[in-house]
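Analysis of the macromolecular model
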Amino acid sequence: MDYQHVLVYFMWTFTAVSAQDVKYFLKGHDIHLMPSISERPIESIWLHNENDVVFFTGTEDFVNSSYKNRITLDRVSAELTIKNATYEDSGVYHLGMDINNELHTFQCTIEVIDKVSKPNISCEMSDTKQATLVCSTESKHPHLLKFKWSSPGKEQTGPNLKITVRNEDDDQVYRCDVSNPLTNETASFTAKDCFLGKRSDGQLIFICIFTLVIVVCCVLYITHQYLKACFDTYIMNRRPSAVKVSRERDENTCFLDKVFTLPFNQNKINKKGNSDTSNDQQVHLRNSEENVKTDDFLSGATLSDWGGIRRRSKSWTGTISTNDRTVHLKKEDNFRERIMTSSLK
């Protein structure tokens with residue numbers, strides 16, 4: 001029987017073959033499909049979801065390119081081995097064999113699955129005493145997972161388990177077992193761990209607030225230092241001009257806490273010391289009228305007029321005696337002091 005006849009006849013009888021139970025294989029492992037036959041087939045063909053995998057003509061094998069270097073066909077037993085199984089290898093496999101010019105068929109359904117990963121148990125508190133434990137795990141085939149809870153003297157199926165928590169020191173242990181048709185994993189949970197979530201949330205909030213306060217304080221400190229440095233730089237850059245202006249101002253103004261005085265010429269003082277009392281009295285009487293006129297003149301003077309007054313005092317000439325000049329200079333000093341005092345007020 002040639003390849004075309006075997007394939008056509010095999011496809012015609014495809015629907016007549018009853019389905020078998022699903023066989024499971026782990027991803028990455030080898031798949032072994034073993035038919036039950038009593039004699040060696042003359043020809044055989046394997047199909048996967050109606051697509052040919054390998055055809056044995058009796059002398060050589062024809063392998064589909066997508067399975068090249070991955071499959072092995074035993075020509076005597078017609079056993080098919082697929083290496084390094086993938087999820088795409090899942091599906092229905094059919095085998096057609098020519099044994100003594102009679103067609104024999106074999107069918108199997110396989111599913112490639114992954115191992116069960118370590119389950120995770122979480123606690124959802126409904127109040128201070130009641131809680132629900134939730135067991136979960138990641139899987140590409142969740143429909144194949146089975147959950148079973150166990151505690152001393154009690155077992156329950158399903159991913160959820162309602163419990164009663166006595167207090168934060170409750171040491172009751174609950175175990176969740178997760179399995180699929182090939183593997184299983186187990187995780188344990190202590191009842192008092194239900195309160196860890198609440199404490200963790202409070203601690204997290206405290207840490208966030210504390211960190212925020214530290215950051216704000218650091219920003220304020222850095223800003224303060226920066227502004228202080230800028231202000232100091234501004235003062236240092238401005239200080240030379242300020243000192244210059246202050247000096248120029250001092251040269252043109254008088255001190256408020258001191259009385260401005262002019263140099264006094266000691267050489268003009270009479271070297272004879274004390275003069276006759278009569279001469280002093282005569283000079284005093286002779287200059288009294290001039291003093292009145294001078295007081296009237298100087299009383300209206302200001303600091304701006306001081307230079308002119310001083311020049312006039314030095315330019316006074318005449319037949320004034322040495323004693324008279326000494327008296328006059330003393331009076332002149334008194335006038336200066338009065339002018340300065342009145343101007344400062």
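Rules used in this analysis
- Residues numbered from 1 in each chain as written.
- Predicted model: local features only at pLDDT ≥ 70, side-chain atom pairs only at ≥ 80, totals over all residues.
- Heavy atoms only, no water.
- Pairing = 2+ DSSP bridges.
- Helix = DSSP H or I, 4+ residues; strand = E, 2+ residues; numbered from the N terminus.
- 1 Å grid on protein atoms, 1.4 Å probe; cavity = no way out; pocket = protein on both sides within 12 Å on 5 of 7 lines; lining within 4 Å.
- Points joined across faces, edges and corners; volume = space filled by probe spheres on them.
- Nonpolar A, V, L, I, M, F, W, Y, C, P; charged D, E, K, R; others polar.
- Axes fitted to C-alpha atoms, helices over the stretch in contact; angles between N-to-C directions.
- Disulfide = S-S within 2.5 Å.
- Core = buried A, V, L, I, M, F, W, Y, C linked by side-chain atoms within 4.5 Å.
- Buried < 20%, exposed > 50% of the residue type's maximum accessible area, 1.4 Å probe, protein only.

Another aspect to go through is the pairing of strand β4 (residues 51–56). One ladder, built from five bridges, connects strand β3 (residues 43–48) with β4; its direction is antiparallel. Bridge pairing links Trp46 to Val54 in β4. From the end of β3 to the start of β4, which pair antiparallel, there are two residues, and Asn49 there has a positive phi angle of about 50°. The hairpin formed by β4 and strand β5 (residues 61–63) contains four residues between the paired strands, and Gly58 there has a positive phi angle of roughly 110°.

Now for empty space enclosed by the protein. Under the counting rule described, the total for this entry stands at one cavity of 30 Å³ or more. Its volume calculated, the largest cavity comes out at about 30 Å³. What lines the largest cavity is simply Trp149, Ser150, Ser151, Lys154, Glu155, Gln156 and Leu161. Mapped onto the lining of the largest cavity, the elements with two or more residues apiece are β12 (146–151) and β13 (154–157). Tallied by class, the residues present in the lining of the largest cavity amount to two nonpolar, three polar and two charged.

One open sheet holds the three strands; their spatial order is β2-β7-β6, and the pairing between them is antiparallel. The two strands at the open ends of the sheet, each matched to only one other strand, are β2 (31–33) and β6 (71–73). Each strand axis lies, on average, 10° off the axis of its neighbour in the sheet, ignoring direction. In this sheet, strand β7 (residues 80–82) lies alongside β6 in antiparallel orientation, the contact comprising three bridges. Along β7, the bridge assignment pairs Thr72 with Thr81.

With that settled, consider the state of the cysteines. Summed over the entire model, instances satisfying the criterion amount to two disulfides. Each sulfur of the disulfide joining Cys123 and Cys194 lies 2.1 Å from the other. Residues Cys123 and Cys194 are joined through a disulfide that is right-handed, its torsion about the S-S bond being 100°. Linking Cys123 in strand β10 (residues 120–125) with Cys194 in the loop between β16 (184–190) and α2 (196–252), this pair joins segments that are 71 residues apart in sequence. Here the disulfide map of the protein chain reads 1-4, 2-3, the bonded cysteines being numbered as they appear in the sequence.

Membership of the largest hydrophobic core comes to 22 residues, with the highest contact counts inside it found for Ile31, Leu33, Trp46, Leu80 and Tyr93. Put simply, the parts of the chain that give this core at least two residues each are β2, β4, β6, β7, β8 (91–99) and β9 (102–113). Within the second largest apolar cluster, 19 residues are counted, among which are Ile121, Cys176, Val178 and Ala187.

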